[in-house]
Structure formats: structure tokens, C-alpha cells
Amino acid sequence: MKFFDCNASFGKPMIKPIRYAETARDLLEEMDFYGIDEAVVFHSRQRDDSPVVGNKILMNEIEGIERLHGTLAILPPQTGELGSLENLVETMKAKNICAFRAFPAEHKYLMTKTALGSLYELMIERNIPLFISVNESCGGISGWYLIEKILSDAPDLTLIVTEHGSWGHDRFFRPLIEKYENLYLDISRYELDGGIRDFCDKYGAERLLFGTGFPKWNPGGPILMLAQADITRKEREMIASGNLQRILGRVKL
Amino acid sequence: MICSDLIKEFMEKGRSDSCPVIDMHQHMGPFQGIYFPNPSPEDMIRTMNRCGVKMGVFCSHAALIDPEANIEMAQVVKRYPDRFRAYWCINPNYPEGIPKEINQFSKMEGFVGFKFLSDYHKYPITSPRYKPALEYAEDHELLVLMHTWGRSPYDSPALVEKLAEKYRHVTFLMGHSGYGEWERSIQVARDYPNVYLELTAAYAVNGVIEWMVKEAGSEKILFGTDLPWFDPHYGIGCVLFSRITDEDRHNILHRNAGRLLQPFL
Ligand SMILES: [Zn+2]
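Caption draft 1: Structural context of the overall build of chain B. A count of helices and strands for chain B gives 12 helices and 8 strands. Dimensions of chain B along its principal axes, counting C-alpha atoms only, are 55 × 40 × 35 Å. Sorting the 265 residues of chain B into buried and exposed places 66% on the buried side. Across chain B, every contact between residues at least 6 apart in sequence was considered, and the portion connecting residues at least 24 apart equals 74%.

Below, the structure written as C-alpha cells:
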């Protein structure tokens, strides 16, 4: 089975994890150890530093590496730090960037239509997915409340929510899954016993994506959980790589 | 990919005949803040069969709340003696009943010892309210599974050390391995023969299993899942894909637990 990781990062984070991959090459070695074929990635400096600095580091690191697909950290366009939206799209095309990622807590901005409306329009028009961790927060709202806020502002946005925790989130996300058809969940911490099977029985396998959360989380968990999930082989393959390939195949740059 | 017979077997079949897993940290039944697809004893046995888990030691969610519910666990063990053993939960919020509970416990089969959930019950594991249970466990060489969390005022590794020093004949299982305060937890497990690191939830932290094996030894690590919370394949995958030997994996997944459970089978 081909594994396409939707949630991995590399670089030297400000808070040192027990284990990490400093360079893109180190990350490839880690992926080989686990048998992971491709990954959508960010560099820790994109989160821990200014996105202006971090985005450049990411693009240089992954240049020429076909197994790694980059995501650019966003900022509200009003400060002009990331240049014009047209230039941004050109850069993405040239540098193997397939998606955006939001770190509103670290980069201090509001995820409102006022701040991000034009970026949301660009993403919707060009089917560019936005990645965000459910552990993010901004302006006093966090978690699934923030996810619902983003989707109610931009219902057609392709939103991929990463590392929703293991301590029981179905009551939070199922209403959103039912309402917003472009919402996808990374399974890196979806450890609930019988959770994947129960979810697929009700909603199909299209909305779940394999992810590891590397370097913070142990990739062995989601790998064996998915390889042995009590669903059909076809469904397992969709979650392992097919769904993410379909999502990225729709991106128009 | 990493080369290991055990990994190959689990990836292909979901279980291993040579490595029948023992889960030292389970619960049972519905609970407050979570939707469970598989909460009943029969659901859990189905999951255990799928994942090659031969035995689980549990404390029902009901017993974590109400001491009266402890007795019901004996019925489950009686129904499935080859699959389950249980921990009797001591809730320090109801100290007046504890001597009677210990008397009941002493006459019942199917239990391996006690469960303390101090972070939730809001009494430190060193509270005198736990003393009758600890003294009974000391006299009868029982197991005590404690929920432990890094820097908790109720059940941090430093508090575990105090009990381990005092009750040398009790085997202490540090549930969640004192999550987050890894260095101190590993030190306590290394220094005290009667303290074990239990992996529920901790296994997900990348690199922590290697650290534990290196510093405390794989002989001091036990596997657990909080089932019906977590898919055992998730935790097993974390152990399998750690940079340790197959011998270490056998120790963690069943050998150590088999040794500890011997007197209770
Ligand atoms: Zn527990």
C-alpha cells in the first residue's frame, strides 16, 4: 500500500522534540524507515519564525525533491509581507507548493473574512487546500470552534484539519463533516478504537487522510492502525494516498 | 522499510502467534467525554482478537466513578476468565467505605490489585486515604495501576517514587508513564525494581519508547491502550516501529506482563 503523509514537518524547532529531521534529506530517510512514499510538508521555521523567512527556507530545502510537496504559511495580505496574490501563485507553481497552512496563534492574526477573505477566494477559485491543526487558536477562539468559524466564512474551502486529538473528538467534528463537504481529517491521532470503521460506515472513506504528525508523533501508530483497519482494501488505499492525490490533482495554479 | 519479522507479521495479519499481546491498562463501558464504537466486554474481545491481544486487565469506567460498581467487574472476569482480569478502583472521595471494600476485595476472584485515578479524584497518591489499600497490597504483593502525569500535584513521578520507596512489595504501574515528565519517570522506573512504565498514550510521543528502553530497559515497560479508547494496533504500531530489537518488543508487548500476571492466572 502506498502511504502519502498529509502532515509531516522537518527543521530544527525552537522547542526540541525527542526526535526530529533537520533537513529535507533527513526527512526522506525517516520516511524510508517507515515505508512512506510521499509527504505534504512544512518547515518548522515557517511556524516558529516569520513566514517570510520560513517559506523561503522550505522552498529551498525541497527544491528538486519530488517526494515532498510544500505548503506555504499564510498571513493576512493587508501587511503585504507575502507579496501580491498573483506573485504568490507564480511562486507556488515554480517551487512545488501545493497548499497553504495557517498558524494563527503563532503569527497573530484573526481568521476572519475581513482579514483573509481575498485569500479564501483565491483558494476556492484554484482548489488550493488549507491545512490547519485543531490545536490552533486566534482571537480567543480555538479548536473546533475555530474550524467552524473558518468554514462558515468560506464553506467551499478545502480544509484539512490535522492532529485532532485522541481523547474523543467525534462529537465535535461529525456535525461539521455532515455540513461541509470539503472538510477532511488527518488520522495521525484518530486512535479511537473502531473509529475509522465507524466513520467510513457512515460517511465513506473520502474524508479521511493518512498523516503521521512527524516529528512530534510516532508514525508507526497510524501506519499499523490503517494497514489493519476493519474496512475494505479500497477504502484503506483511499485513506493511505488516494484521497490526498485526488485533492492535490484538483489544484489549479 | 525497517526489517523485523514481528513488523512483517503484524502488518500482514494484524497479529502474531509468537507475540500474543497483553494489555495492562484497559477500561470498559461508556464514559463522560467520548463516543465509543466498541465499549462492551464483547466489543472489546472482538477488538482484542483482531489485534492479537490475548488478555486485558481493566477497570470499568463505572468503577472509576462509584465504588459500588467494582463488584460488577468480577462477573465479567468470571464470564471471560481467559481474556480479562480487573483492577479494583479506590476512590478517595469516599474513604468511609474503603475498609469494607478491601474486605470485599479480599474474598473475590479475578482482581490483580488496585487502580488509582488521582488526577481525576483530586487526592494525591500519597494521601492517607489510600493507605489501607496500599498496606493491603503490600501484605499481599499486589499490582497497583496509577494514572500518572508529568508535574501533576496528584500523581507525578516524584510522588510515585515516595510510594515505591515505602511499599517495596507493591508493584507500581505508572499509567501513561508520567506523561511529559519523561526523564524523571524513566529514572524512577530504573531505580526501583517495583516500578514499571506503562505505555498508554505515551507510545504516541515520537522517540520516547527508544529513550525508555535505553535508560530503564525493556524489562521495565508494559503495554496498555485504555481500550475502549484506543485501537490497540495504534499502540502496537508505535512499539513495533521504534528503533529497538524484537527482543525488546516481546518484553514490552507480553513477556513482562506475563511475568507480573503469573500469580493471578
Ligand atoms: Zn486509563
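Caption draft 2: Spatial organisation of the environment of Leu122(A). All names here are of chain A. Structurally, Leu-122 is set in helix H6 (residues 113–125). In this structure the C-alpha to C-alpha distance between Leu-122 and Val-89, which are 33 residues apart in sequence, comes to 9.2 Å. Dropping the residues within four chain positions of it, Leu-122 is found in contact with Val-89, Phe-100 and Ile-128.

Caption draft 3: Representation of empty space enclosed by the protein within the structure. Under the criterion given, the structure shown has 4 cavities of 30 Å³ or more. Its boundaries defined by the atoms lining it, the largest cavity holds a volume of some 130 Å³. Surrounding the largest cavity, 13 residues form its lining, His27(B), Leu117(B), Tyr120(B), Asp226(B) and Trp229(B) being those nearest its centre. Of the volumes computed, that of the second largest cavity is approximately 70 Å³. Around the second largest cavity sit Ile74(A), Leu75(A), Pro76(A), Pro77(A), Thr79(A), Glu81(A), Leu82(A), Gly83(A), Ser84(A), Leu85(A), Leu88(A) and Leu119(A), which together line it. Counted by class, the lining of the second largest cavity contains 8 nonpolar, 3 polar and 1 charged residues.

Caption draft 4: Main features of the interface of chain A and chain B. Across the boundary between the two partners, chain A contributes 37 residues, which contact 46 residues of chain B. Where chain A abuts chain B, roughly 3,400 Å² becomes buried across the two surfaces, and 59% of that area is made up of carbon and sulfur atoms. Its largest share of buried area at the contact with chain B, chain A owes to Phe33(A), Trp167(A) and Asp193(A), together 23% of the area lost on that side. Where chain A meets chain B, there are 1 salt bridge. In terms of residues, the side of chain A that touches chain B owes the most to one element, helix H10 (residues 220–227) of chain A, which gives 7 residues.

Caption draft 5: Structural view of the nonpolar core. Core analysis: the largest hydrophobic core is formed by 180 residues, its most contacted members being Phe100(A), Met111(A) and Phe114(B). Phe4(A), Cys6(A), Leu244(A) and Leu248(A) belong to the second-largest nonpolar core, a separate cluster that totals 12 residues.

Caption draft 6: Layout of the layout of surface pockets. Residues and elements named next belong to chain A. Estimated volume of the largest pocket: approximately 710 Å³. Lining the largest pocket are 33 residues, with Ile-15, Pro-17, Arg-47, Glu-163 and Lys-216 sitting closest to its centre. When residues of the lining of the largest pocket are traced back to their parent elements, those giving at least two are strand S1 (4–10), helix H2 (44–48) and strand S5 (130–133). No other element matches the 4 residues that S1 contributes to the lining of the largest pocket. Counted as a void, the second largest pocket has a volume near 270 Å³.

Caption draft 7: Local environment of the packing of helix H1 (residues 5–13) of chain B against helix H12 (residues 246–261) of chain B. Residues and elements named next belong to chain B. In the contact formed by H1 and H12, the axes pass within 9 Å of each other and the chain directions differ by 55°. Here H1 is positioned oblique relative to H12, judged by the angle of their axes. Contacts from Asp-5, Leu-6 and Ile-7 in H1 reach Asp-246, Arg-249 and His-250 in H12. Of the residues belonging to the contact of H1 with H12, the class tally is 2 nonpolar, 1 polar and 3 charged.

Caption draft 8: View of the side chain of Asn7(A). Tracing the backbone shows Asn7(A) in strand S1. Overall, Asn7(A) belongs to the buried group, its relative accessible area being 5%.

Calculation notes
Residues numbered from 1 in each chain as written. Chains lettered and ligands numbered in written order. Predicted model: local features only at pLDDT ≥ 70, side-chain atom pairs only at ≥ 80, totals over all residues. Heavy atoms only, no water. Helix = DSSP H or I, 4+ residues; strand = E, 2+ residues; numbered from the N terminus. Buried < 20%, exposed > 50% of the residue type's maximum accessible area, 1.4 Å probe, protein only. Contact = heavy atoms within 4.5 Å. 1 Å grid on protein atoms, 1.4 Å probe; cavity = no way out; pocket = protein on both sides within 12 Å on 5 of 7 lines; lining within 4 Å. Points joined across faces, edges and corners; volume = space filled by probe spheres on them. Nonpolar A, V, L, I, M, F, W, Y, C, P; charged D, E, K, R; others polar. Buried area = accessible area lost by both parts, 1.4 Å probe. Salt bridge = Lys/Arg side-chain N within 4 Å of Asp/Glu carboxyl O. Core = buried A, V, L, I, M, F, W, Y, C linked by side-chain atoms within 4.5 Å. Axes fitted to C-alpha atoms, helices over the stretch in contact; angles between N-to-C directions. Parallel < 35°, antiparallel > 145°, perpendicular 65-115°, else oblique.

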